[in-house]
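# Secondary and tertiary structure notes
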Amino acid sequence: MNIVVFGAGGRAGRQAVAEARRRGHEVTAVVRDPAGHGDLGDVRVVAGDVTDPVSVERAAAGHDAAISAAADLSVSPHDFFTTSARALSTGLAKAGVPRLVVVGLASVMPGASGAPLMDEPGYPNEYRAFSLGHAAGLEELRTCDLDWLYVAPAGDFDHGGTRAGRYLLADHGDMASRITYADFAIALLDEVEAPRHHRAAISIREA
């Protein structure tokens, strides 16, 4: 497949690129500054702006599916995630790319109580604005016509862990759960290659 990865320079994006190449796919890695990402491997690295539908369309043309792991901590999370969701839905549709898999956030997913994890007792909320931005972006996705999927870790990422080669679908968010970026990327590529979930938000946990 030809897969375009937005936000390819970040930790989740890099692992998505690596997993796609491991499986033999052709990858276009979209970053803000290609000069700073010469270490992404045997992929096509291009400059792009995930908040601009024209830039998205240009980068995605000729691809079969898209993955977005993009984030920009220098701007309002609400503005970034809503604008990027709209730009992706518009740009990918114009480019003829039907499938979008988005890297999500555990805090916006239902916890054991059924309420968003960020609203459960004891959840650390120093990053609540970022969580609310993600939630707003997810709501924008729900209004688009693409075959989208929002994939979140059940809890958080294990930043130093190694690839185990497996994962599980989680019943709900769990603050204690940890999954490596490499194992999370396996779930992303599984949903690109053989989609099982459509226009939905799911949580992934360690196996």
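Thresholds applied
- Residues numbered from 1 in each chain as written.
- Predicted model: local features only at pLDDT ≥ 70, side-chain atom pairs only at ≥ 80, totals over all residues.
- Heavy atoms only, no water.
- 1 Å grid on protein atoms, 1.4 Å probe; cavity = no way out; pocket = protein on both sides within 12 Å on 5 of 7 lines; lining within 4 Å.
- Points joined across faces, edges and corners; volume = space filled by probe spheres on them.
- Helix = DSSP H or I, 4+ residues; strand = E, 2+ residues; numbered from the N terminus.
- Nonpolar A, V, L, I, M, F, W, Y, C, P; charged D, E, K, R; others polar.
- Pairing = 2+ DSSP bridges.
- Contact = heavy atoms within 4.5 Å.
- Axes fitted to C-alpha atoms, helices over the stretch in contact; angles between N-to-C directions.

## A few points about empty space enclosed by the protein
Summed over the entire model, instances satisfying the criterion amount to one cavity of 30 Å³ or more. There is about 130 Å³ of room inside the largest cavity. Taken together, 15 residues line the largest cavity, and the ones lying closest to its centre are S68, F81, S84, A85 and V102. Looking at the lining of the largest cavity, the elements that each hand over two or more residues are helix 3 (77–95), strand 5 (99–103) and helix 4 (128–142). The element best represented in the lining of the largest cavity is helix 3, accounting for five residues. A breakdown of the residues in the lining of the largest cavity according to their chemical character gives eleven nonpolar, four polar and no charged.

## Notes on the sheet that holds strand 3 (residues 44–47)
Where strands meet in a sheet, backbone hydrogen bonds hold them as pairs that are either parallel or antiparallel. Sheet architecture is open: eight strands sit in the order 3-2-1-4-5-6-10-8, paired in mixed fashion. Of all strands in the sheet, those with a lone pairing partner are strand 3 and strand 8 (168–169), marking the two edges. One ladder, built from four bridges, connects strand 4 (residues 65–68) with strand 5; its direction is parallel. Considered in strand 5, the bridge of A65 is made with R99. Against the sheet, helix 2 (residues 53–60) touches strand 1 (2–6) and strand 2 (26–31), its axis set at about 150° to strand 1. Against the sheet, helix 5 (residues 181–193) contacts strand 1, strand 4, strand 5, strand 6 (147–153) and strand 10 (200–205), and its axis sits at roughly 165° relative to strand 5.

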